[in-house]
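Fold and contact review
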Amino acid sequence: MSLYLEYMDEIATRKKDLGLNPKPIDSADLLAEIIAQIKDTGNERREDSLKFFIYNTLPGTTRAAGVKAQFLKEIILGESVVAEITAEFAFELLSHMKGGPSIEVLLNLALSDDAVVSKPAADVLKTQVFLYEADIDRLTAAFKAGNAIAKEILESYAQAEFFTKLPEIDETIEIVTYIAGEGDISTDLLSPGNQAHSRADRELHGQCMVTPKAQQEIVGLQKKYPNAKVMLIAEKGTMGVGSSRMSGVNNVALWAGKQASPYVPFINIAPVVAGTNGISPIFLTTVDVTGGIGLDLKNWVKKVDVKGNTVFNDNGDAVLEEAYSVATGTVLTINTKEHKLYNGDIELADVSSAFTPQKIEFMKAGGSYAVVFGKKLQTIAADVLGVKPALVYAPSKEISIEAQGLTAVEKIFNRNALGVASNTPLHAGSDVRVKVNIVGSQDTTGPMTCQELEAMAASVISPSVDGAYQSGCHTASVWDSKAKANIPKLMSFMNNFGLITARDPKNAYHAMTDVIHKVLNDITVDDRAIIIGGDSHTRMSKGVAFGADSGTVAVALATGESAMPIPESVKVTFKGDMKSHMDFRDVVHATQAQMLKQFNGENVFQGRIIEVQIGTLLADQAFTFTDWTAEMKAKASICISNDETLVKSLELAKSRIQIMIDKGMENHVDMLQGLIGLADKRIAEIQSGENPALAPDNNAKYFAEVVVDLDQIDEPMIADPDVNNEDPSKRYTHDTIRPVSYYGGNKTIDLGFVGSCMVHKGDMQIIAQMLRNLETQGEINFKVPLIIAPPTYNIVDELKAEGDWELLQKYAGFEFDDVDPKGAARTQYQNIMYLERPGCNLCMGNQEKAAKGDTVLATSTRLFQGRVVEDTNEKKGESLLASTPMVVLSSILGRIPTIEEYKAAVEGLNLTDFVPPSADLSVEPQAMPVRLIG
């Protein structure tokens, strides 16, 4: 059967079973058959073939795009004649193909001696921004050889006409409201983790946004208000918490945005989203990628008494009053010049934060990629011509405050800033381009990152990136048909692109399903690095790391750069002493609880950097704190360590990178060996005193300072989803932190889970220690299933060498087998301990899940509704979060223990080595910031 007939069968099945349109074409061989049928004027399939060629072929560097570009070139040169596609129309189609093969064709035509085609080709090239070094080199060589067209194109680029000739954004935008949920809306509502396998199939994945009922309600609003854009709202909450999730924004844009190009299916842009408390910072970055609008509504405000004091209810929560209504179906207007939100003539809110000069540029250009590439292209072209680039884009916002020191994040940004005009230190609020040192792509968003790289015509990783890794942890639990179809293709693409990959496309080394954050933490070998990763928990304990959408990851891989404002910081220090029965996880939870108490329920961490003075805690253990800062709604976190601890962390990182080399994971540019070299250099700088461990200046300015009192932490702390709170906005927030005594020893659980990125080797050792302790008290029986998923193979190997793994095996009723991994998700659990394959496991919710309606106690980070456990009609699923010893003991008892039972079970165990620094780690300010690149 021909590929075309196979495609037609797929179309029929897709329509019959799913009610969907034909899947976009990326196959070169299929498109070649389609073109043959177009050329055959009498072919019965010609009409459909034309539609597929024009409207259903993916652009960029897909194999199909190369075939399409070449056929369009034939039409332009008259070598092929297609009545329906004139030369003029062929140029228009090339203009929508973004880059790669289309740019090559346009350059061939523009730089040819044929004046009939060179001029229109040049006109199209002037609108394009996705050009790379080889493209610029061709233009440069032609310009130096006296080619007038090349000069004309370069002059256009130096003036950034690809941007200036775009239409301005509308002065007024009419919107109609749709409340998507009350309280914080996680991106799991917009793009559920259990549907991760379909993210790259945009139309199919769009069917999982919120609910089918909600989708039809949105369609109904569009029909009723055809001139308005539907704005999805998180009422009494924040929109997009938990993850950047490009697929979430894609889904919103699919239902409530606009089509980016008439010739590219299911790629929509410019959605409008909003929240009472604004948009989660990591999600807002993703909104910017699509040129969308994210509004901070502030439509609910804290009630105050006659003295101006906040009024609290019986639960200690601030009472909220509605400042104005955004009930579903309310028609509002955004004035983009005044930066105001109106209901008719009534001003409701100032929305200036959504319309900064930079964000307006993203909206005008159709997304942030076009601006990032445009700025780079303009700079290069001007340099070739020997002129200054025209002042077209909003200048980098450079804020420098005299006599004010630098926070840790300000120091990192100053060091990595690109294209900065001033020599003075940059402070928070500055908006700059920065060098990205480490990039991570994870396996459920990776296929989308591949699509983004193809769409922006990137074919090789930027040489300025120090290290990049493609993980396999999100699909580690079950090697099912979906994983087998998606993951090998992903690994092959990323391996060819230049990343270190968890799986070897050639099968020369064993698949590594280590949790991505742990690997990125190991390959980060500089405490002044900037890390971008395709997961919200990309929060390293060295350097500063930002969770990002698949597209921002793609830009970082392709350019080695990112652009963002320098965030404000909150300083976190500790006082007092830890009690011996406390785990460091309890310190993490208590930090959040004490912060909320200190600031009357206001989350001062939200959207800011948490600079925590960990001091003597190694990077592995410190990661437990930085990881949880995603749930604190912080933008990122930085661990401030002393010199000795940082050197030990870097030595540990070196040893683990060497293990990756020994396994055969090194690539053709010796990326891993290069990281070891960078680590050696950094260690030498620290030990010589030339450049000590990163520390803030003692006169730096913080948005707030939080002092965590360890003396107040006298019992384990549990993050509770509070699923039955009568106020829906208080459910699933991560802000309800309760002491174990709250449950009185009566809260039963159905399943325990120790795993995901929140645990480290010490947690596995704690399990073994507890089992040894309990052995002396009698037979050990699990009242409920206990699932253990170590985060990395290194930990398993080290536990085997030290004897602890043998003890875990003794009590395990199941142990993973890499030779024969599970081919289907487990649907029923026995009351035994399961030793699962390293990876994310239950935390992802896309493979293994608890039974519906279960109460799960986990070391995970996710308590979102439906993530780890779904609801039944009779009972809501609960995912409570606690420390490793708490989960293990609860699994044995079948309930959350009393404080007395807990203390007895951990007596004599070394739960943590955390001791707060004896003095503030801030330093005397430097005279001038050190910049890596000017």
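Residues numbered from 1 in each chain as written. Predicted model: local features only at pLDDT ≥ 70, side-chain atom pairs only at ≥ 80, totals over all residues. Heavy atoms only, no water.

**So, the pairing of strand β33 (residues 878–881)**
For clarity, the threshold we go by: Relative accessibility decides the category of a residue: with a 1.4 Å probe and only protein chains considered, values under 20% of the type maximum give buried, values over 50% give exposed, and everything between is partly exposed. For helices the rule is a DSSP run of H or I covering at least 4 residues; for strands it is a run of E covering at least 2, with both sets numbered from the N terminus onward. DSSP-based pairing: two strands are paired if at least 2 bridges between them are found.
Taking every second residue as pointing to the same face, both faces of β33 are buried, with Glu878 and Leu880 on one and Ser879 and Leu881 on the other. Relative to β33, strand β32 (residues 855–858) runs parallel, the two being bridged by four bridges. Each bridged residue has a counterpart across the sheet, and for Thr855 the counterpart in β33 is Glu878.

**Comments concerning the packing of helix α1 (residues 3–18) against helix α2 (residues 28–39)**
The line we're drawing: A fitted line through C-alpha atoms represents every axis, and for helices the fit uses only the stretch in contact; the resulting angles, taken between N-to-C directions, go from 0 to 180 degrees. Should an angle fall under 35 degrees it is taken as roughly parallel, and over 145 as roughly antiparallel, whereas 65 to 115 is taken as roughly perpendicular and any remaining angle as oblique. Here, two residues are considered to be in contact whenever any of their heavy atoms come within 4.5 Å of each other. Under the convention adopted here, Pro, Cys and the residues Ala, Val, Leu, Ile, Met, Phe, Trp and Tyr are nonpolar, Asp, Glu, Lys and Arg are charged, and Gly plus all remaining residues are polar.
Remark: α1 packs on α2, axes separated minimally by 8 Å, with the N-to-C direction vectors making an angle of 105 degrees. Overall, the two elements α1 and α2 adopt an arrangement that is roughly perpendicular. On the side of α1, the interface is formed by Leu3, Tyr4 and Tyr7, while α2 contributes Asp29, Leu30, Glu33, Ile34 and Gln37. A class-by-class count of the residues in the contact of α1 with α2 yields five nonpolar, one polar and two charged.

**Side note on empty space enclosed by the protein**
Our working rule: With a 1 Å grid spanning the protein atoms alone, the term cavity applies to any set of points in which a 1.4 Å probe fits but cannot get out, the term pocket to an open set with protein on both sides within 12 Å along at least five of seven lines, and the term lining residue to any residue with an atom within 4 Å of a point. Grid points are joined across faces, edges and corners, and a volume is the space filled by probe spheres set on the points.
By the definition in use, this model includes six cavities of 30 Å³ or more. In terms of lining, the largest cavity is formed by 23 residues, of which the most central are His474, Asp535, Met844, Arg862 and Arg867. A breakdown of the residues in the lining of the largest cavity according to their chemical character gives five nonpolar, 12 polar and six charged. Taken as a whole, the second largest cavity spans an internal volume of roughly 130 Å³. By residue class, the composition of the lining of the second largest cavity is seven nonpolar, seven polar and five charged.

**Examining the side chain of Gln592**
Structurally, the position occupied by Gln592 is in helix α23 (residues 584–598). Ignoring any residue separated from it by four or fewer positions in sequence, one finds Gln592 in contact with Trp628, Glu631, Met632, His734 and Asp735.

**Re the state of the cysteines**
As a reminder of what qualifies: Cysteine sulfur atoms that pair up within 2.5 Å are treated as a disulfide.
This model, assessed by the stated rule, comprises zero disulfides. With no disulfide of its own, Cys208 lies closest to Cys843 among cysteine sulfurs, the gap being 18 Å. Its relative accessible area of 14% is what places Cys208 among the buried residues.

**Observations concerning the nonpolar core**
The condition that has to hold: We call a set of buried residues a nonpolar core when its members are Ala, Val, Leu, Ile, Met, Phe, Trp, Tyr or Cys and they connect through side-chain atoms within 4.5 Å of each other.
With 198 residues, the main nonpolar core has Phe53, Ile85, Met456, Tyr469 and Leu557 as its most contacted residues. When residues in this core are grouped by element, the largest group, eight residues, is from helix α17 (residues 368–385). Discounting chain neighbours no more than four positions away, the residues touching Ile85 are Leu50, Phe53, Ile54, Leu72, Ile75, Ala90 and Leu93. In this structure, Met595, Leu710, Ile737 and Phe914 belong to the second largest nonpolar core, which totals 51 residues.

**Examining the pattern of salt bridges**
Inclusion rule: What makes a salt bridge here is a side-chain nitrogen of Lys or Arg within 4 Å of a carboxyl oxygen of Asp or Glu, nothing more.
With the rule as written, the count across this model stands at 53 salt bridges. Between Asp526 and Arg415 there is a salt bridge, with its nearest N and O atoms 3.4 Å apart. One end of the pair, Asp526, is in the loop between α21 (516–523) and β19 (530–533); the other, Arg415, is in helix α18 (residues 408–416), and 111 residues separate them in sequence. Residue Arg415 is classed as buried on the basis of its relative accessible area, which comes to 14%.

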